[in-house]
Amino acid sequence: MKKNLLYGLTIFNSICFLIILFGFSSGDNEKKLLNYSDRILKVRGLIIVDSLGIERVIIASQIPTSQSSLGNRLYPREKGTNVSGLMIYDSEGQERGGYVTDDDYGNAFLTLDSKTGQTFLALAEPYGATALQLWDRKGRNKISLETTDSIAQINIKNNNKSIKLYRDDK
Amino acid sequence: MINRYFTLSLIVLFLQVHLKAQYSDMFVTKLTAVNRTSYTDVAYVGLKDTVLVSTFSGRISVRIKDLAKEKVIANLNDEIYSLAYNPTKREIAASTLENGIIIINKQNGQVVKKLPLRTTWSINIFYSDNYDYLLTHDQKGNRYIWAVKDNYGQIKLSSKMPAGRMIKMDSMGTLTIVTQNKLILWDFKRDSLIKETTVQITRFGDMDYQGNILSIDFNECSKYNSNLQKTEFVVKHPNWLRDIKDYPNYEKSLKESPQDFTPEGLLVMNGYSMQITAARFAKNRIYSASIDRSIRVWDKENGRLLNSLTGHKATVNKIKINSSETQMVSTDLKGGIKFWDIN
């Protein structure tokens with residue numbers, strides 16, 4: 001009885017094995033693997049890694065905060081500030097920019113970051129206002145271009161001093 | 001005959017599992033957005049030459065000077081940000097992203113205890129000088145002290161204890177707390193104030209036995225003299241020393257502009273003064289690490305630059321000094337580690 005049971009189990013396992021093996025190596029499947037041009041990939045995230053396995057690009061929904069230069073994770077994203085889209089990371093794994101939308105307010109934005117903070121922002125608000133901003137680490141020097149339904153303005157701050165380039169108050 | 005069937009059955013099962021595992025490797029269970037090769041912290045376990053290191057991937061290993069390989073002690077399957085070692089009990093305290101503080105037996109790698117945090121996570125954990133207490137605070141500022149001898153029972157902290165970041169507790173129970181403008185010595189056992197000094201701290205770096213403090217403000221490291229109550233000097237990494245020996249025009253550049261290179265052949269890029277990540281006192285020196293991948297050595301008395309330690313291939317994120325102040329260990333964000341003789 002025991003012998004028959006083991007014999008049956010071996011045959012069953014062998015059949016399963018052959019099915020899996022066939023599934024991996026059949027010519028038909030190989031053709032499918034080589035040609036995905038008519039297929040649609042549906043996933044929650046896609047991670048591109050470099051030769052060392054360091055994550056360099058993430059395309060995903062609700063991307064987590066990344067690490068700091070000190071070797072720990074940064075503060076958690078506050079509630080309602082989840083972002084989804086594409087993030088880029090440098091060779092040390094630090095977040096250096098993104099092309100994302102946020103879950104709460106509904107902004108779409110493109111950001112570029114230094115190793116210590118964000119320094120560039122291009123933003124489109126859900127109701128039509130847009131902005132393009134560049135600034136230094138401390139925010140003492142800043143260039144800002146903004147448009148809304150009612151105004152279009154350029155603001156420049158040089159060494160913490162505002163410079164008015166053009167504004168027609170009338 | 002039965003044995004033969006059984007063995008064959010096992011082989012077939014193994015192959016199935018192996019093939020299935022290869023297929024499953026394509027997928028990860030969650031997004032992390034961290035570099036799993038980074039060393040996140042380092043802690044001495046001996047007098048010198050032997051340290052513990054941790055990673056974002058949850059690995060705790062022993063690294064020994066001049067040995068290329070790690071000896072893995074534990075894999076926690078959680079991100080680790082800070083380590084502390086208790087030599088009296090041979091236990092490692094590791095602060096993690098999702099499981100609070102985990103206490104591990106160094107000998108067998110087994111988890112001894114899990115100490116939950118109220119919110120978020122801790123990025124700095126340490127034992128008191130006599131290893132009676134384990135101390136930390138989470139990212140929201142909640143503070144925790146556990147009594148090691150009481151099987152890590154959490155101590156209810158007095159409401160009288162001044163706000164601020166706990167950085168040290170000596171054998172007498174004197175707790176040092178810092179804020180951006182105060183250095184407070186608090187008698188933890190008697191629940192009373194010992195001394196309060198005015199200081200100027202942006203981000204705490206280190207404190208020496210005289211009470212002098214290193215404060216880090218992005219690319220500046222200042223030495224604050226707590227007795228004189230003033231900043232004695234501020235230092236900045238004066239340049240970026242780049243190793244470009246693999247670049248195609250390196251030999252040509254070196255020949256044409258030798259003045260732009262150090263005697264070791266590193267390109268000196270002036271005008272770059274990058275963020276300082278860590279700073280430490282040791283004897284009559286100050287050591288500062290930076291995202292420029294170097295450690296600079298400064299005279300503790302006057303802030304004069306004495307030496308530049310190079311060789312790391314990525315941001316130097318942690319530096320630690322051994323108890324006799326004869327050796328420094330440094331780690332970087334690409335899993336590099338270096339031991340420096342600082343005698």
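Since the model is a prediction, treat every value here as computed from it, not as a measurement. (Residues numbered from 1 in each chain as written. Chains lettered and ligands numbered in written order. Predicted model: local features only at pLDDT ≥ 70, side-chain atom pairs only at ≥ 80, totals over all residues. Heavy atoms only, no water.)

## Comments concerning unusual backbone geometry
All names here are of chain B.
Then, number 1: In this structure, Asp49 is a non-glycine residue whose phi angle is positive, near 70°.
Then, number 2: As for its position among the elements, Asp49 is in the loop between β1 (39-44) and β2 (50-55).
Then, number 3: With a phi angle near 55°, Asp191 is a residue other than glycine that sits in the positive phi range.
Then, number 4: You can see Asp191 is positioned in the loop between β15 (182-187) and β16 (192-198). (Helix = DSSP H or I, 4+ residues; strand = E, 2+ residues; numbered from the N terminus.)

## Describing the environment of A:Asn155
Residue and element names in this part refer to chain A.
Then, number 1: One can find Asn155 in strand β9 (residues 152-158).
Then, number 2: Judged by its relative accessible area of 25%, Asn155 is partly exposed.
Then, number 3: Remark: the alpha-carbon pair of Asn155 and Ser144, spanning 11 residues in sequence, is separated by 5.0 Å. (Buried < 20%, exposed > 50% of the residue type's maximum accessible area, 1.4 Å probe, protein only.)

## Re the nonpolar core
All names here are of chain B.
Then, number 1: Core analysis: the largest hydrophobic core is formed by 15 residues, its most contacted members being Leu52, Ile60, Leu76, Leu83, Ile92, Ala94 and Ile104.
Then, number 2: If one sorts the elements of this core by residue count, strand β5 (residues 80-86) sits on top with three residues.
Then, number 3: The residues contacting Leu52, other than those within four sequence positions of it, are Asp41, Val42, Ala43, Val45, Ile60, Ser61, Val62, Ile73, Leu83, Tyr85 and Ile92. (Core = buried A, V, L, I, M, F, W, Y, C linked by side-chain atoms within 4.5 Å. Contact = heavy atoms within 4.5 Å.)

## Some points on the pairing of strand β19 (residues 220-225) of chain B
All names here are of chain B.
Then, number 1: Of all six residues in β19, five are buried, a share of seventy percent or more.
Then, number 2: In this sheet, β19 lies alongside strand β18 (residues 213-217) in antiparallel orientation, the contact comprising five bridges. Counted as the bridge partner of Leu214 is Lys223 from β19.
Then, number 3: Counting the residues in the hairpin turn of β18 and β19 gives two residues, including Phe218, whose phi is positive at 55°.
Then, number 4: As judged from the five bridges shared by β19 and strand β20 (residues 230-235), these two strands associate in the antiparallel manner. Bridge assignment links Cys221 to a residue of β20, and that residue is Val235.
Then, number 5: What sits between the antiparallel neighbours β19 and β20 is a turn of four residues, in which Gln229 has the positive phi angle 55°. (Pairing = 2+ DSSP bridges.)

## Things to note about a nonpolar patch on the surface
All names here are of chain A.
Then, number 1: A cluster of nonpolar side chains, Leu41, Val43, Leu46, Ile48, Ile59, Leu86, Ile88, Tyr99, Leu110 and Leu112, forms an exposed patch at the surface whose accessible area comes to about 890 Å².
Then, number 2: Elements with a minimum of two residues in the nonpolar patch: β1 (45-49), β3 (83-89) and β5 (108-113).
Then, number 3: Positionally, Ile48 belongs in strand β1. (Patch = residues over 30% accessible without salt bridge, like charges linked within 9 Å, V, L, I, M, F, W, Y side chains within 5 Å. Areas by Shrake-Rupley, 256 points an atom, 1.4 Å probe, with all protein chains shown as cover. Salt bridge = Lys/Arg side-chain N within 4 Å of Asp/Glu carboxyl O.)

## Let's talk about the pattern of salt bridges
Residue and element names in this part refer to chain B.
Then, number 1: Tallied over the full model, the rule gives 17 salt bridges over all chains.
Then, number 2: Among the salt bridges present, the one from Arg59 reaches Glu70, with a minimum N-O distance of 2.8 Å. In this pair, Arg59 sits in strand β3 (residues 59-64) while Glu70 sits in the loop between β3 and β4 (71-75), placing the two residues 11 residues apart along the sequence.

## Structural notes on the domain arrangement of chain B
All names here are of chain B.
Then, number 1: Here chain B is described as being made up of domain 1 (34-157) and domain 2 (203-238 + 273-343).
Then, number 2: Computed from C-alpha atoms alone, the centre-to-centre distance between domain 1 and domain 2 is 23 Å.
Then, number 3: Interface of domain 1 and domain 2: buried area, both sides summed, is about 1400 Å²; carbon and sulfur atoms make up 55% of it.
Then, number 4: Of all residues in domain 1, Tyr39, Val42 and Tyr44 give up the largest surface area on contact with domain 2, accounting jointly for 43% of the area buried on that side.
Then, number 5: Our count for the contact surface shared by domain 1 and domain 2 stands at two salt bridges.
Then, number 6: Between Lys320 and Asp41 there is a salt bridge, with its nearest N and O atoms 3.0 Å apart.
Then, number 7: The tally of links from domain 1 across to domain 2 stands at 11 residue pairs in polar contact (both at pLDDT 80 or more).
Then, number 8: For the side of domain 1 that touches domain 2, the elements supplying multiple residues, two or more each, are β1, β2 and β3. (Domains from an automatic or database assignment. Buried area = accessible area lost by both parts, 1.4 Å probe. Polar contact = N/O pair within 3.5 Å; in protein donor to acceptor, adjacent residues only side chain to side chain.)

## What about the side chain of B:Gln327?
Residues and elements named next belong to chain B.
Then, number 1: Here Gln327 is to be found in strand β28 (residues 327-332).
Then, number 2: Given the relative accessible area of 2%, Gln327 is considered buried.
Then, number 3: Engagement of the side chain of Gln327 in a polar contact is seen with the side chain of Tyr44, the distance being 3.0 Å.
Then, number 4: Each residue touching Gln327, except ones within four places of it in the same chain, is listed here: Tyr44, Lys48, Asp49, Lys65, Lys320, Ile321, Asn322, Phe339, Trp340 and Ile342.

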